[in-house]
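Chains, contacts and geometry: an overview
So you can see what is in the structure, the chains are spelled out below.
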Amino acid sequence: MTATENPMVDEAPLSFECDLPDPPEKVWRALTEPELLAAWMMPNDIKAEAGSRFAFAGPDATIECEVLEAEPGRLLRYSWREKPGADDGGLPAFDSVVTFTLAGTASGGTHLCIVHDGFVPVAQPLVAVSGAGCGLSLDTRKNPTAANAPCMMLRAA
């Protein structure tokens, strides 16, 4: 499905790339161990195995996910379904996909690429928001620190 076939599909992914000093194994743990992932995202019950379902405890509502691909130390891809909270004024839920790609660097660190794309509304939206769904940032001075605020971005539109 393309934006031409369905104007409610936003094909503009949100992406971020950075080089981290830590090796891919350590970054992988930060992405796949619930306690470590919760420290920079949200509380969760992730299990990094294809087909495994898990959830993030979002600020306003649960975010339901399913691991689509998991290659330890290299690739993690999961679906993301954010349901609107009670205070979202009727905004729609969005289905999307989050992909983390890790590659070792010459210095022993990790090149991390995060892509959040495939934003498809589950219900007819009241407002179309470009890239509606995710705000990610990493603090490359220390460990990855992401602030994921999808509901806030929708409310700000």
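Since the structure is predicted, the reported quantities are computational estimates derived from the model, not experimental observations.

Attention now goes to the pattern of salt bridges. Counted under the stated rule, the structure contains six salt bridges. Here E66 and R53 are joined by a salt bridge, their closest N and O atoms 3.4 Å apart. One end of the pair, E66, is in strand 3 (residues 62-71); the other, R53, is in strand 2 (residues 53-57), and 13 residues separate them in sequence. With a relative accessible area of 22%, E66 lands in the partly exposed category. Of the charged contacts, one joins R81 and D95 as a salt bridge, the two residues approaching to 2.6 Å between their closest N and O atoms.

So, about the packing of aromatic side chains. Tallied over the entire structure, the rule returns five aromatic pairs. Aromatic side chains F54 and Y78 sit 5.1 Å apart centroid to centroid with 85° between the ring planes, which places their arrangement in the edge-to-face category. One end of the pair, F54, is in strand 2; the other, Y78, is in strand 4 (residues 75-82), with 24 residues separating them in the sequence. Residue class for F54 comes out buried when judged on its relative accessible area of 4%. Note on Y78: relative accessible area 0%, which makes it buried. For the ring pair Y78 and F100, a centre distance of 5.9 Å and an interplane angle of 40° mean the geometry is tilted. With Y78 in strand 4 and F100 in strand 5 (residues 94-104), this residue pair connects regions lying 22 residues apart in the sequence. An identical accessibility class is assigned to Y78 and F100; each is buried. Three or more aromatic residues link up through ring pairs in this structure, and these residues are F54, F56, Y78, W80 and F100.

Conventions adopted
Residues numbered from 1 in each chain as written. Predicted model: local features only at pLDDT ≥ 70, side-chain atom pairs only at ≥ 80, totals over all residues. Heavy atoms only, no water. Salt bridge = Lys/Arg side-chain N within 4 Å of Asp/Glu carboxyl O. Helix = DSSP H or I, 4+ residues; strand = E, 2+ residues; numbered from the N terminus. Buried < 20%, exposed > 50% of the residue type's maximum accessible area, 1.4 Å probe, protein only. Phe/Tyr/Trp six-rings, centres within 6.5 Å; stacked < 30°, edge-to-face > 60°.

Everything listed here is a matter of geometry and, on its own, says nothing about what the molecule does.
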